Amino acid sequence: MLTISQNELQRLFLSPLAWIILALSQLLLAYLFLTHMDYFNALQGKMSAIPGAPGVTELIAMPLLSNTGMICLLITPLLTMRTIAEERRNENLPLLISAPISIYKIVIGKFIGTLSFFLCLIVMTLLMVMSITLGSSLDWLQVLSGTLGLVLLVASFSVIGIYLSSLFKQPTVAAISSFALLFLLWIIDWASTNAAEFTLLSWLSLLRHFQPMVQGQMNSQDVAYFLIIIFAFLLLTIRRLDRERLD
Amino acid sequence: MPDHPFLLEAKGLSRHFGNNIAVNDVSFSIKQGEVLGFLGPNGAGKSTTMKMLSGNLAPDKGQILINGIDLLDKPAEAKACIGYLPETPPLYKEQTVSEFLRFCAKLNNIPKKQRITAVDNAIERCGLSDVSQRLIGHLSKGFQQRVGIAQAIIHEPAVVILDEPTSGLDPIQIREIRQLIREIANQHSVILSTHILPEVDMLCDRVQIISEGQLLFIDTIETLHEYMQSSALLLRFDTEISVQQLNAIDHILQSERLADNTYRVTFAPQHDPTQAILSKSLVEQWQLTMLMPEKHSMEDVFMKILREER
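In this report, we go over the structure that sits alongside the text. Source: prediction; values computed, not measured.

### Observations concerning the sheet that holds strand 14 (residues 288–293) of chain B
All names here are of chain B.
Working step 1: Spatially, 12-13-11-14 is the arrangement adopted by the four strands of the open sheet, whose pairing is antiparallel. Either end of the sheet is taken by a strand with one partner, and the two such strands are strand 12 (252–257) and strand 14. Pairwise comparison of adjacent strand axes, ignoring direction, gives a mean angle of 20° for this sheet.
Working step 2: By the bridge criterion, five bridges tie strand 11 (residues 232–237) to strand 13 (residues 262–267) in an arrangement that is antiparallel. For Leu-235, the partnering residue across the bridge sits in strand 13 and is Tyr-263.
Working step 3: Docked against the sheet, helix 10 (residues 274–284) engages strand 11, strand 12, strand 13 and strand 14, running at close to 175° with respect to strand 14.

### Let's talk about the pattern of salt bridges
Working step 1: The full count for this structure, using the stated rule, is 14 salt bridges over all chains.
Working step 2: The shortest N-O distance in the salt bridge between Lys-110 of chain A and Glu-8 of chain A comes to 3.0 Å. Placement of the pair is Lys-110 of chain A in helix 5 (residues 103–130) and Glu-8 of chain A in helix 1 (residues 2–14), with a sequence separation of 102 residues. A single burial state applies to Lys-110 of chain A and to Glu-8 of chain A, both of which are buried.
Working step 3: Among the ionic pairs, Glu-156 of chain B bridges to Arg-125 of chain B, the shortest N-O distance being 3.3 Å. Residue Glu-156 of chain B is located in the loop between helix 5 (141–153) and strand 7 (159–163), and its partner Arg-125 of chain B is located in helix 4 (residues 112–125); the two are separated by 31 residues in the primary sequence.

### Thoughts on unusual backbone geometry
Residues and elements named next belong to chain B.
Working step 1: One non-glycine residue, Glu-156, lies in the positive phi region at around 50°.
Working step 2: In this structure, Gln-287 is a non-glycine residue whose phi angle is positive, near 55°.
Working step 3: Relative to the assigned elements, Gln-287 resides in the loop between helix 10 and strand 14.

### With respect to the packing of aromatic side chains
Working step 1: According to the stated counting rule, one finds 13 aromatic pairs over all chains in the structure shown.
Working step 2: An angle of 45° between the planes, with centres 5.8 Å apart, marks the rings of Phe-13 of chain A and Phe-117 of chain A as tilted. Note that Phe-13 of chain A is positioned in helix 1 and Phe-117 of chain A in helix 5, a separation of 104 residues in sequence.
Working step 3: Judged by its relative accessible area of 0%, Phe-117 of chain A is buried.
Working step 4: Measuring from ring centre to ring centre gives 6.2 Å for Phe-157 of chain A and Trp-186 of chain A, while their planes differ by 50°; the resulting arrangement is tilted. Placement of the pair is Phe-157 of chain A in helix 6 (residues 140–167) and Trp-186 of chain A in helix 7 (residues 171–187), with a sequence separation of 29 residues. Taken as a pair, Phe-157 of chain A and Trp-186 of chain A share a single burial class, namely buried.
Working step 5: What links up through ring pairs into an aromatic cluster is the set Phe-13, Trp-19, Phe-117 and Phe-118 of chain A.
Working step 6: Here the basic side chain of Arg-11 of chain A rests over the ring of Tyr-92 of chain B, its NZ or CZ set 3.8 Å away from the ring centre.
Working step 7: Sitting over the face of the ring of Phe-143 of chain B, Arg-146 of chain B holds its NZ or CZ atom 5.3 Å from the ring centroid.

Calculation criteria
Residues numbered from 1 in each chain as written. Chains lettered and ligands numbered in written order. Predicted model: local features only at pLDDT ≥ 70, side-chain atom pairs only at ≥ 80, totals over all residues. Heavy atoms only, no water. Pairing = 2+ DSSP bridges. Helix = DSSP H or I, 4+ residues; strand = E, 2+ residues; numbered from the N terminus. Axes fitted to C-alpha atoms, helices over the stretch in contact; angles between N-to-C directions. Contact = heavy atoms within 4.5 Å. Salt bridge = Lys/Arg side-chain N within 4 Å of Asp/Glu carboxyl O. Buried < 20%, exposed > 50% of the residue type's maximum accessible area, 1.4 Å probe, protein only. Phe/Tyr/Trp six-rings, centres within 6.5 Å; stacked < 30°, edge-to-face > 60°. Lys NZ or Arg CZ within 6 Å of the ring centre and 35° of its normal.

Structure follows, in structure tokens:
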């Protein structure tokens, strides 16, 4: 299992794709970080007068984590299309399937590999957040809750992408459909006008479960939602690959 | 190694794709140290059978026993005993040869201590020592095929399954790959699929001919050679002889003139007239310049077997 994730990660870093993704997302996030910083500086004077006003964590660190989530949404399809669809297209899957290793290990291995890449990206974002401590202090618990939310969010992205990747032979088709599905799950709650109202659509929304964690609220409901998504799509992918031998 | 009479045994394998029957009730087995050739035209069901043997495709009906272990019941244990090279070798082109083989070694659960030896062994046996640090994507097709073979033998499997290992290679590479397969056959049982008859002739102990999903012929290569044995001789003389004179010789059933002084004579399979022709030409002073048994090409035999079955 770890063999597969290791290999997945190694091959990712052998290609320019991983480096370019890391570099460009870092560039974008750095720009966003500075924008948030500027905004904070502009407001700082007014806010110091108000008791209980939002601090650096709310105004710089947390928006940055939200931005990272959005950027990961854009990156995920590009990474997950490689995991199964591209291997299938290059006819590399028989190598894994005829090895003495079960399908679930292959799928979980690929999932861990993709997730590890995102963890690199998240760690780099956190370094940026931590640089705030040079001049100010952070609410560490809120950062922790936001980070956990981000990890769960990205894990859900990956697992959905891997499932769609297992459905198709053309990597681009896999990428486009993962992007469409992820984006749909991101915006699906726009249909419900009342933000406080709890509807099926808002329950389905990834964003709706991610936002509270960024605000520092750890609801078991949200964590459960992400875990359900991860397990459900892992199972679907395993079943899909298992069925491939039958038809 | 457990003492099963057969390393690999397939019983009544069938497989449909929609309404097409790709493989229909195919049974065969392979013993220790044997090279089994799977021969058939394109689309005969060779690759489908190979995929079923390697666990990439589930059969509709039938059973596959590898070393006595049922492939469908205990896939992981059974798969540990086979090495498989599909038609397109599965390679990660962005890795170097040794990186890729190290991954394959791990994938096949080779313990850490033996992994380096296993990789080195596979590299050496497949003649990859000079290119082990190069990227697979930069290698020629022949070398990529070797990497594919190295991947299939790295865990010292009991049975190696090679699906059309020489397709798409140039003649020199074909010769090298055949040489390599022959060396591998010293240590492993090999199942080889091909549509090239001479390849089977050169490499295999036993042959199976498959066509339209059905096995037509399973026998040793010697029996196949008997099929190839023809009952005709080609003769050339310096002097003019009539067809009637040749027909008069014992055991010659029929003779025909091919060119000026070249004749083709046919005879009953058990009665070779060579001696009779020789002594006759001595007596008659016919100046015999050529006497050659006419051999059927493998292609003729193939067509013959296919025709006989229909």
